[in-house]
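The primary structure of each chain is shown beneath.
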Amino acid sequence: MALFKRRTVGKPGEWFYCLEHRTVEEGPQCRAADRLGPYDTREEASHAMEIAQERNLEWETDPKWHDDPQKGKSGGADA
């Protein structure tokens with residue numbers, strides 16, 4: 001038995017999307033690795049997967065994060 005029990009208490013008005021249960025929850029109810037957020041509203045949290053997909057697409061198509069075939073280097077901040 002653990003000496004200290006760490007309990008995560010959320011703030012009222014913070015919304016999360018649980019990846020394991022595929023539900024919206026107010027305050028962190030599931031472990032951090034299984035949730036996205038916090039979001040400002042329940043509605044925003046309900047669209048968490050779409051938001052993540054849009055952000056992933058933006059990142060994947062950002063030209064400064066792709067390898068430059070001419071130079072053979074990755075195109076980071078100093079490229």
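Since this is a predicted model, take the numbers as computed values, not measurements.

**Some details on the state of the cysteines**
Line of reasoning, step 1. This structure, assessed with the given rule, holds zero disulfides.
Line of reasoning, step 2. For the unlinked cysteine Cys18, the closest cysteine sulfur is that of Cys30, found at 3.4 Å.
Line of reasoning, step 3. By relative accessible area, which is 15% here, Cys30 ends up buried.

**Quick look at the pattern of salt bridges**
Line of reasoning, step 1. Throughout the structure, instances matching the rule amount to one salt bridge.
Line of reasoning, step 2. Among the ionic pairs, Arg31 bridges to Asp34, the shortest N-O distance being 2.9 Å.
Line of reasoning, step 3. Looking at Arg31, the relative accessible area reads 57%, which means it is exposed.
Line of reasoning, step 4. The buried category is assigned to Asp34, whose relative accessible area is 14%.

**Comments concerning the pairing of strand E2 (residues 23-26)**
Line of reasoning, step 1. One ladder, built from four bridges, connects strand E1 (residues 15-18) with E2; its direction is antiparallel. By the bridge assignment, Phe16 is partnered in E2 with Glu25.
Line of reasoning, step 2. As consecutive antiparallel partners, E1 and E2 are separated by four residues, and within that stretch Arg22 has a phi angle of approximately 55 degrees, a positive value.

Conventions adopted
Residues numbered from 1 in each chain as written. Predicted model: local features only at pLDDT ≥ 70, side-chain atom pairs only at ≥ 80, totals over all residues. Heavy atoms only, no water. Disulfide = S-S within 2.5 Å. Buried < 20%, exposed > 50% of the residue type's maximum accessible area, 1.4 Å probe, protein only. Salt bridge = Lys/Arg side-chain N within 4 Å of Asp/Glu carboxyl O. Pairing = 2+ DSSP bridges. Helix = DSSP H or I, 4+ residues; strand = E, 2+ residues; numbered from the N terminus.

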